[in-house]
Amino acid sequence: MFRIKIFSFYLVLISSLTAFSQNGNFYGKVKYNSNEPAVAIFIALKGDQVEKETNSNVNGSFNFKDIPYGDYTITFYSLNDLPKIVSVKLDSKNKEVNVILEVSALDEVFVKSKTVQQKIEEKGFAVNVIETKEAAIQSIQVNEMLDQSAGVRVRQSGGLGSHAHYNLNGMTGNSVKIFIDGVPIRNFGPSFSLNSIPPSLIKRIEVYKGVVPPHLSDDAMGGAINVVLNDITKNELKASISTGSFGTYRTDVNGGYRNNKNGFTARGSAFVNYADNDYEVWGNQVAVALSAGTPDVYIHAKRFHDRYRSQGGKAEFGFSNVEWADKLLAGVLLSNMDQQIQTGATMEIVYGNRHTEQSTNMYSLDFAKENIAKNLDVSAFVSYSRLNRKTIDTIATQYSWLGYPTSYFNDPDVWSSGAEAGDPTLQKDIDETVNTRTNLAYHINENNTIQLNHLLNTFTRDSDDPMLPAAENALKEERKYLKSILTVSLENKAFDEKLRTSVFGKSYYMDRTSKLRTRSSNTSGSTIIIDENNITSNDFGFGGSISYSITPKITVFGSAEKAIRLPESDEVFGNVASNLNASVNLKPEHSNNYNLGFTYDNIQLKKHTFGISSNIFIRDTEDLIMSFPTGSNEEFFENSNIGKIYTEGFDFTLNYNYNEALFFSANTSFFNARDYNVTYDVNGNPITPSYERLANTPYFTMNYNLKFNTKNFIQKGSTLSTYTNVLYVHEFFRGSSVLGGSGKIVIPGQVSFDAGFAYTFPKNKVSLSFDVKNILNKQLFDNYALQKPGRGFYGKLTFSIL
């Protein structure tokens, strides 16, 4: 009933909001007579009771929304000619006005405007903006694009389909939140991950390091990655097919349709991913005993039980850019996956039969309207998702890295527990999630805006395991979680928008309940009991950002926040399919985050263009949550609060291009995360903190990318792009860096070298790319020496159907 009430409330809210405006819109494009888009043209609209101003964007497009029907003049001010005045009557919902400006007697026209990246950076947050237009035709995944960005380290536990953590300037795990168009990705289910989204669907990726803008309205204490999908501005249908090493196959199709008369809009996408992930592994965890009692022999072996399959589709239907809504879209997402499980938390234990199956259904409603009432913008999103997950582990046969059951005598060895990862299980979990997000923005005047943002998330899980004894299975478990985050913020622009400030306050509320089966030992043996646990928390955080444009090219920025991160449902309740144990007593994380940096863009010396950006940061964190292997064989993960961690660091990026043909970028990231926990001796006297580095955390990375574009290669109108990328990760300790002296396990320094090319045929309808990844076939690790794929070859064909 609770979920139904929430859904009903948002349906009523959205329905009522659409009843306001009865106005129309002007839209169109401004071009020069050379057919080049007229960028940053100042445009003024004037009527009897309405006066509005705007600028054309990088495509020459402009629009005026919510204009009352009537007669108007639109004046276009160009630096290269006299103003052009157009008289026009608005008598329909959408009126198109296209204008051609005459270029005066100048040989060339140089028009500069702020890019989307510059506008985002000017808000004062430490942010990277990744453009995906050119990467969309490569055989490259979203995670690989992120891994090439300053201050970002994507940590995967294997090949395609493996779990990924995102490290932003020293903060990792669930401290870093992932969003799709501002909606938390956790609602989309595990088969719809960042790597499942085709790059061709993405307009840009915003990476916020540390302090996060209030409109994302989540407990993103360590930063956020917001994937912004393409708008539907024309009817299109695109598809791509790729294949490569280790049995990898991927295909996707996406398209959109909009009726310009009535605004009806539909868009959808579908994908299929498959990988055998049968790449070679070696090292001190890949060993076999050739006979009972003999020493282990270290070998090179292929992963043999790591197949990954996923498929899904997402569709949205509704209206966009109509008089009563900027968008009102109803959506449905269906996805499923099945995945074999090769190892436990580390490569010490190898499985040959354990696997998981999962499916997700999500239904959503998305509404947005600027100026729904005078100076008031509203957006609302509500979704319901249901995830079905099954973990299958019923065979006790022991496997080795040779790829078949271990056997020293006539019969295969078996695990005494009855299955590969403990007791036999066919556990089925049903996770249900309701998510709502509401944003209100009131423009007090041109320079001041106040915003109210609210996020509500509820989670329940029902579990059943027919492999358990009937009496034990009858003791039903319960898992419930509610999270509410309310944000109030004020944004100000001053000194002709050179100075931008934002201050905000956040209220964090959490209520979680669990009833889990546990074993209680006594003199007569062990008894199964239900352990009940209920925890609530109420926290308050605040922060702000500031930026100042010293010149149009130089901007300095800073931000600070007292941030809180609430434990996620999987961290608290565990996940059998991921070998993750429950940690019902986890406490929220608290951190004081500080950033200070600058950008110096568009430094031009004839045909050479440079850009520099840098950011220094501090993270002072209490009760940091980290995941560690547990058990004698390090087979499972478990989350723990590890106390006080103090982090200092910086990242630096250099961009260069020559004549828009040769492009080079380099970035470096370093952070020093140290343990500041005070321990006590047997007499209760405090012992100085060890100041050791944070375990299993790479702290120094460098990335270099070089690309060269050749126009009219072989065919007129074609483009050939060649590119290389080098990633260096400095060695780091797998565990403690202090206690125990020598002999520590070190994850060695790593160099990953990739190269490839992409050829786009004339008219930009078809592109072909070929990539070689990890050319040097080096051992690459991220998490606890879980080895990633070696050298691989990949090809991709992308084509536009419409």
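Residues numbered from 1 in each chain as written. Predicted model: local features only at pLDDT ≥ 70, side-chain atom pairs only at ≥ 80, totals over all residues. Heavy atoms only, no water.

Trainee: Just checking my understanding: could you explain the overall build of the protein for this structure?
Mentor: Across its full length, the protein carries five helices and 47 strands. Here the protein, with 802 residues, has 51% of them falling under the buried criterion. The long-range share in the protein, meaning contacts at least 24 apart out of those at least 6 apart in sequence, stands at 66%. Accessible surface for the protein amounts to roughly 36300 Å². Of this, 56% is attributable to carbon and sulfur atoms. (Helix = DSSP H or I, 4+ residues; strand = E, 2+ residues; numbered from the N terminus. Buried < 20%, exposed > 50% of the residue type's maximum accessible area, 1.4 Å probe, protein only. Contact = heavy atoms within 4.5 Å. Areas by Shrake-Rupley, 256 points an atom, 1.4 Å probe, with all protein chains shown as cover.)

Trainee: I would appreciate a short explanation of the sheet that holds strand β13 (residues 183-184) in the present structure.
Mentor: Note: strands within a sheet are paired through backbone hydrogen bonds, in either parallel or antiparallel orientation. Overall, mixed pairing links the five strands, which are arranged β9-β14-β15-β12-β13 in an open sheet. In this open sheet, the two strands that pair with only one neighbour each are β9 (127-131) and β13. Sheet analysis places strand β12 (residues 176-180) next to β13, joined by two bridges and oriented antiparallel. Bridge pairing in β13 links F179 to P184. (Pairing = 2+ DSSP bridges.)

Trainee: I keep staring at the environment of S56 and nothing clicks. Help me out?
Mentor: Looking at the element boundaries, S56 is found in the loop between β3 (51-55) and β4 (61-67). Taking relative accessible area as the criterion, S56 reaches 5% and is therefore assigned buried. Here the alpha-carbon distance between S56 and I41, two residues 15 residues apart in the chain, equals 5.3 Å. Apart from the residues within four sequence positions on either side, S56 is in contact with A38, V39, A40, I41, I43, S61 and F62. Within the structure, S56 has its side chain in polar contact with the backbone oxygen of A38 (distance 2.6 Å). (Polar contact = N/O pair within 3.5 Å; in protein donor to acceptor, adjacent residues only side chain to side chain.)

Trainee: Before we go on, may I ask you to explain the packing of aromatic side chains in this structure?
Mentor: Think of a pair of aromatic rings as described by two things: how far the centres are apart, and how the planes are tilted against each other in angle. Under the defined criterion, the tally for this structure stands at 22 aromatic pairs. Put simply, the rings of F650, F670, Y699, F700 and Y728 pair up and form one aromatic cluster. Geometry around Y699 places R693 over its ring, the cationic atom sitting 3.8 Å from the centre. The ring of F663 has K707 sitting right over it, with the charged end atom 5.0 Å from the ring centre. (Phe/Tyr/Trp six-rings, centres within 6.5 Å; stacked < 30°, edge-to-face > 60°. Lys NZ or Arg CZ within 6 Å of the ring centre and 35° of its normal.)

Trainee: I'm lost on the side chain of S245 in this one. Help?
Mentor: Residue position: S245 is located in the loop between β16 (236-244) and β17 (248-258). Overall, S245 belongs to the buried group, its relative accessible area being 16%.

Trainee: Explain the sheet that holds β3 here, please?
Mentor: The antiparallel open sheet is built from four strands, whose spatial order is β3-β2-β5-β6. Edge positions in the sheet fall to β3 and β6 (84-90), since each of these pairs with one other strand and no more. Pairwise comparison of adjacent strand axes, ignoring direction, gives a mean angle of 20 degrees for this sheet. (Axes fitted to C-alpha atoms, helices over the stretch in contact; angles between N-to-C directions.)

Trainee: Can you walk me through the side chain of N25 in this structure?
Mentor: Here N25 shows up in strand β1 (residues 24-32). Sequence-distant contacts of N25, defined by excluding residues within four places in its chain, comprise F64, K65, D66, L90, K93, N94, K95, N321, V322 and E323.

Trainee: Looking at this structure, how should I read the pattern of salt bridges?
Mentor: Two side chains of opposite charge can pair, provided their charged atoms sit close to one another. Summed over the entire model, instances satisfying the criterion amount to 34 salt bridges. The salt bridge involving D431 is made with R461; its shortest N-O contact spans 2.8 Å. Residue D431 is located in strand β27 (residues 428-445), and its partner R461 is located in strand β28 (residues 448-464); the two are separated by 30 residues in the primary sequence. For the pair shown, D431 and R461 are each scored as buried. Where E622 meets K644, a salt bridge forms, and the shortest distance between an N and an O atom there is 3.7 Å. Taken together, the residues span a long stretch of sequence, with E622 in strand β34 (residues 608-622) and K644 in the loop between β36 (636-641) and β37 (645-658) at a distance of 22 residues. Where salt bridges share partners, they join K177, D218, D219, K483 and E568 into one cluster. (Salt bridge = Lys/Arg side-chain N within 4 Å of Asp/Glu carboxyl O.)

Trainee: Honestly, empty space enclosed by the protein in this entry has me stumped. Any pointers?
Mentor: Any space left empty among the atoms is revealed by the rolling of a water-sized probe across them. Following the criterion strictly, the structure yields nine cavities of 30 Å³ or more and no others. Size it by volume and the second largest cavity reaches roughly 840 Å³. Lining the second largest cavity we find 49 residues, and of these Q141, E144, Q156, K773 and Y794 sit closest to its centre. Counting only elements with at least two residues in the lining of the second largest cavity, the list comes to α3 (142-147), β10 (152-156), β16, β17, β18 (264-275), β42 (719-729), β45 (750-760) and β47 (792-800). When grouped by side-chain class, the residues that make up the lining of the second largest cavity number 15 nonpolar, 25 polar and nine charged. (1 Å grid on protein atoms, 1.4 Å probe; cavity = no way out; pocket = protein on both sides within 12 Å on 5 of 7 lines; lining within 4 Å. Points joined across faces, edges and corners; volume = space filled by probe spheres on them. Nonpolar A, V, L, I, M, F, W, Y, C, P; charged D, E, K, R; others polar.)

Trainee: Which parts of the structure should I look at to understand the confidence of the model for the protein?
Mentor: Caution is warranted with low-pLDDT regions, since their predicted coordinates should not be read in detail. Scored by pLDDT, the protein has a mean of 84; 88% of the residues are at 70 or more. Under a pLDDT of 50 for its full length, residues 9-21 has, in the predicted model, 21 contacts with residues more than four places off or in other chains. Counting contacts from residues 739-743, a segment whose pLDDT is below 50, to residues more than four positions away or on other chains yields one contact. (pLDDT = per-residue confidence, 0-100.)

Trainee: Where do I start with the nonpolar core in this structure?
Mentor: Side chains of nonpolar character tend, in soluble globular proteins, to be buried together. Counting residues in hydrophobic clusters, the biggest one holds 30 residues, and the most contacted among them are L146, Y166, L194 and I205. Each residue touching I205, except ones within four places of it in the same chain, is listed here: N128, V129, I130, T132, V142, M145, L146, I225, N226 and V227. Of all hydrophobic cores here, the second largest spans 20 residues; its members include V30, F64, F76 and V88. (Core = buried A, V, L, I, M, F, W, Y, C linked by side-chain atoms within 4.5 Å.)

Trainee: What should I look at first to understand unusual backbone geometry in this one?
Mentor: Glycine aside, a negative phi is what most residues show, and trans is what most peptide bonds show. With a phi angle near 50 degrees, D181 is a residue other than glycine that sits in the positive phi range. Within the fold, D181 resides in the loop between β12 and β13.

Trainee: I keep staring at the pairing of β42 and nothing clicks. Help me out?
Mentor: Two elements, strand β41 (residues 700-711) and β42, share 11 bridges in a ladder whose sense is antiparallel. Residue T701 lies in a different strand from β42, and its bridge partner there is V729. Both β42 and β45 contribute to a ladder of 11 bridges, which runs antiparallel. Pairing of T719 across the sheet is with T760, part of β45.

Trainee: Would you mind going over the pairing of β9 with me for this structure?
Mentor: Of all five residues in β9, four are buried, a share of seventy percent or more. Where β9 and strand β14 (residues 202-209) come together, five bridges link them in antiparallel fashion. In the strand pairing of β14, V127 is matched with Y208.

Trainee: I keep staring at the layout of surface pockets and nothing clicks. Help me out?
Mentor: Taken as a whole, the second largest pocket encloses approximately 1000 Å³ of empty space. Lining of the second largest pocket is provided by 31 residues; of these, D423, Q427, R517, V576 and N581 occupy positions nearest its centre. Of all the secondary-structure elements, those providing two or more residues to the lining of the second largest pocket are β30 (499-522) and β31 (525-549). Here the lining of the second largest pocket is built from residues that sort into 11 nonpolar, nine polar and 11 charged.

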